Amino acid sequence: MSSSMAVAELTSPSSSYTRKTLHYSSQFSNVSTRVSSSRSVCFPGWQKSRIRCSLTSNEVQAPVAEKIDEPKKKPECFGVFCLTYDLKAEEETKSWKKLINIAVSGAAGMISNHLLFKLASGEVFGPNQPIALKLLGSERSFQALEGVAMELEDSLFPLLREVSIGIDPYEVFQDAEWALLIGAKPRGPGMERADLLDINGQIFAEQGKALNAVASRNVKVLIVGNPCNTNALICLKNAPDIPAKNFHALTRLDENRAKCQLALKAGVFYDQVSNVTIWGNHSTTQVPDFLNAKINGLPVKEVIKDTKWLEEGFTEKVQKRGGVLIQKWGRSSAASTAVSVVDAIRSLVTPTPEGDWFSSGVYTTGNPYGIADGIVFSMPCRSKGDGDYELVKDVIFDDYLWSRIKKTEAELLAEQKCVAHLTGEGIAVCDLPGDTMLPGEM
Ligand SMILES: NC(=O)c1ccc[n+]([C@@H]2O[C@H](COP(=O)([O-])OP(=O)(O)OC[C@H]3O[C@@H](n4cnc5c(N)ncnc54)[C@H](O)[C@@H]3O)[C@@H](O)[C@H]2O)c1
């Protein structure tokens, strides 16, 4: 069946969700969970009470759920996107490529409000790449999601061929080839980082299971929702049938911020700055690497001789940039984050310029640097433009850089232990080294 036929068959957006109950069985324990995807019930994770540092074995959640007796179902198409179109004719006359499915969670949020329009315009995947957007919202944001879809309708983007909206990841992630996971709960007043890890971790455990069950086997997953490194770890551990290498945590915004600060200090435009790595966690322990970075092809330290500024001023400025922005503007960075998501995707679908690299939070297994295995750590990557990446080998370390890397590594190892109940690695023990902030917090 052609995609146009499939879309035309679906009902209008006003048709409400059918109530259904999904049954999950655990491969790790005998616990069985019932989750309803009806709009009238809470989203998984929202009603759960806080999980304390240690859990009894009965409380350990099942990382991998298997769906039973669940027929494949498409999410609701939206408005004009339910109408028939002839993609085949477009492919022939305009040399358009085959449609790709892009799932976006938190689609009614601030970052998505910029990102979706960039995706639909062709800015990300190219002017000959038609796309389908599958938008995932939360129960509370469903109406806003309809508003977003209406704005997409009114934008008349030629490349945007399908839009569907929903609140059930098992429906929305169906056949997704890209999953941009942005939706997460913000850290509220008085909330500890451990609480945030647990609350958002549950969302990413659920979404990992859903990707594992229904997404393309080669789906590329970019986790933006914070704390994004450990959310990515939880997500990949819950999706064992999808290569762990396909999961990324967004640290590109931090890289872009670092490039901007180096350019400002050196008095050059930022296109002259290259080879910038963000090492580690997307938190205030992150390490913006000025040792390997270059300005006009020269090592940064040969251009900027002010070592004190590099070690203190520059590093802190990048680590805390998000917080300062919130102070000025009263809300967190959304437009520049969306731009950095575009950069992160484009870095995987276009060949990396000769001699350069980009940063991404990736699974550490078998890394050449000696960073502990089993965490999601931002490192320097190169891509041939095929969606895959290789880690860069020719980087150097000095005592300053390595000691900072060990600090952010320690934080991620502690976070890994803190979410063991969500990754199938046993009983969670939360002993975080200080309550470090996310870059967007003060
Ligand atoms: N990695 C980075 O560089 C970076 C940068 C900026 C922000 N962030 C993070 O991105 C996330 C989103 O930021 P924002 O400014 O768009 O926030 P936002 O509050 O404007 O939007 C989040 C949206 O996600 C929805 N949502 C919540 N839980 C959901 C779920 N389980 N499934 C689907 N949707 C869900 C909410 O209803 C809301 O509409 C936050 O966690 C933020 O900390 C990361």
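This structure is a prediction, so every number in the text was calculated from the model and none was measured.

**Some thoughts on the packing of aromatic side chains**
Reasoning step 1: Throughout the structure, instances matching the rule amount to 10 aromatic pairs.
Reasoning step 2: Summarising the aromatic geometry, the rings of Phe125 and Trp178 are spaced 5.5 Å apart at their centres and angled 65 degrees between planes, so their arrangement reads as edge-to-face. In this pair, Phe125 is assigned in the loop between helix 3 (110–121) and strand 6 (131–136) and Trp178 in strand 8 (residues 178–181), connecting sequence segments 53 residues apart. The burial state of Phe125 is the same as that of Trp178; both residues are buried.
Reasoning step 3: An angle of 40 degrees between the planes, with centres 5.5 Å apart, marks the rings of Trp309 and Phe314 as tilted.

**Some words on the nonpolar core**
Reasoning step 1: Core analysis: the biggest nonpolar cluster contains 58 residues, and Leu119, Leu133 and Leu135 have the highest contact counts within it.
Reasoning step 2: Residues within four places of Leu133 in sequence aside, it is in contact with Ile102, Val104, Leu116, Leu119, Leu152, Leu160, Glu162, Val163 and Ser164.
Reasoning step 3: Membership of the second largest hydrophobic core comes to 36 residues, among which are Leu136, Val221, Ile223 and Cys418.

**Digging into the UniProt feature "domain: Lactate/malate dehydrogenase N-terminal" (unreviewed entry) in the chain**
Reasoning step 1: The feature "domain: Lactate/malate dehydrogenase N-terminal" (unreviewed entry), as given by UniProt, occupies residues 101–248 in the numbering adopted here.
Reasoning step 2: End-to-end, the C-alpha atoms of residues 101–248 are 18 Å apart, and along that stretch the chain is 41% helix and 19% strand.

**Regarding unusual backbone geometry**
Reasoning step 1: Omega for the bond connecting Asn226 with Pro227 falls within 30 degrees of zero, at -5 degrees, which places this linkage in the cis form.
Reasoning step 2: Take Pro227: it is sitting in the loop between strand 9 (220–223) and helix 7 (228–237).
Reasoning step 3: Within the chain, Leu156 stands out as a residue other than glycine whose phi angle is a positive 50 degrees.
Reasoning step 4: Relative to the helices and strands, Leu156 is located in the loop between helix 4 (142–154) and strand 7 (160–166).
Reasoning step 5: For Leu156, a relative accessible area of 70% gives the class exposed.

**Structural notes on the environment of Pro243**
Reasoning step 1: Position of Pro243 among the secondary structure elements: in the loop between helix 7 and strand 10 (247–249).
Reasoning step 2: The spatial distance from the C-alpha of Pro243 to the C-alpha of Ala232 is 13 Å, given a sequence separation of 11 residues.

**Some thoughts on the confidence of the model for the chain**
Reasoning step 1: Across the chain, the average pLDDT comes to 83, with 81% of residues at or above 70.
Reasoning step 2: Every residue in residues 1–69 is under pLDDT 50, and counting partners more than four places away or in other chains gives 145 contacts.
Reasoning step 3: Reported for the predicted complex are a pTM of 0.84 and an ipTM of 0.99.

**Some thoughts on the pattern of salt bridges**
Reasoning step 1: According to the stated counting rule, one finds 11 salt bridges in the structure shown.
Reasoning step 2: With its nearest N and O atoms 3.2 Å apart, the salt bridge here joins Lys245 to Asp388. You can see Lys245 sitting in the loop between helix 7 and strand 10 and its partner Asp388 sitting in the loop between strand 17 (376–382) and strand 18 (390–391), a full 143 residues away along the chain.
Reasoning step 3: Relative accessible area serves as the criterion here: at 30%, Lys245 is assigned to the partly exposed category.
Reasoning step 4: Measuring nitrogen to oxygen at the nearest pair gives 2.8 Å for the salt bridge that ties Lys406 to Glu409. Of this pair, Lys406 and Glu409 both sit in helix 12 (residues 399–418), separated by 3 residues, roughly a single helical turn.
Reasoning step 5: Take Lys406: its relative accessible area is 34%, and that puts it in the partly exposed class.
Reasoning step 6: Among the charged side chains, a salt-bridge network with shared partners connects Lys245, Asp388 and Glu390.

**Looking at the side chain of Thr408**
Reasoning step 1: With respect to the element layout, Thr408 can be found in helix 12.
Reasoning step 2: Classification of Thr408 as buried rests on a relative accessible area of 0%.
Reasoning step 3: Reaching out from Thr408, the side chain makes a polar contact with the backbone nitrogen of Asn281 at a distance of 3.0 Å.
Reasoning step 4: If near-sequence neighbours (up to four positions away) are discounted, Thr408 is found in contact with Trp279, Gly280, Asn281, Thr285, Gln286, Val287 and Phe377.

**With respect to the sheet that holds strand 14 (residues 294–295)**
Reasoning step 1: If you walk across this open sheet you meet the 3 strands as 11-14-15, and the pairing is antiparallel. Edge positions in the sheet fall to strand 11 (273–274) and strand 15 (298–299), since each of these pairs with one other strand and no more.
Reasoning step 2: Where strand 14 lies against strand 15, 2 bridges are found, and the strand directions are antiparallel. Bridge assignment links Lys294 to a residue of strand 15, and that residue is Pro299.

**Regarding the packing of helix 8 (residues 252–266) against helix 11 (residues 335–349)**
Reasoning step 1: It is the contact of helix 8 with helix 11, at a shortest axis distance of 8 Å, that shows an interaxial angle of 105 degrees. When the interaxial angle is binned, helix 8 and helix 11 end up roughly perpendicular. Contact residues: helix 8 offers Arg252, Leu253 and Asn256, while helix 11 offers Ser336, Thr337, Ser340, Asp343, Ala344 and Ser347.
Reasoning step 2: Considered class by class, the residues forming the contact of helix 8 with helix 11 number 2 nonpolar, 5 polar and 2 charged.

Rules and cut-offs
- Residues numbered from 1 in each chain as written.
- Predicted model: local features only at pLDDT ≥ 70, side-chain atom pairs only at ≥ 80, totals over all residues.
- Heavy atoms only, no water.
- Phe/Tyr/Trp six-rings, centres within 6.5 Å; stacked < 30°, edge-to-face > 60°.
- Helix = DSSP H or I, 4+ residues; strand = E, 2+ residues; numbered from the N terminus.
- Buried < 20%, exposed > 50% of the residue type's maximum accessible area, 1.4 Å probe, protein only.
- Core = buried A, V, L, I, M, F, W, Y, C linked by side-chain atoms within 4.5 Å.
- Contact = heavy atoms within 4.5 Å.
- UniProt positions renumbered as here; feature names shortened; annotations may be inferred.
- pLDDT = per-residue confidence, 0-100.
- Salt bridge = Lys/Arg side-chain N within 4 Å of Asp/Glu carboxyl O.
- Polar contact = N/O pair within 3.5 Å; in protein donor to acceptor, adjacent residues only side chain to side chain.
- Pairing = 2+ DSSP bridges.
- Axes fitted to C-alpha atoms, helices over the stretch in contact; angles between N-to-C directions.
- Parallel < 35°, antiparallel > 145°, perpendicular 65-115°, else oblique.
- Nonpolar A, V, L, I, M, F, W, Y, C, P; charged D, E, K, R; others polar.

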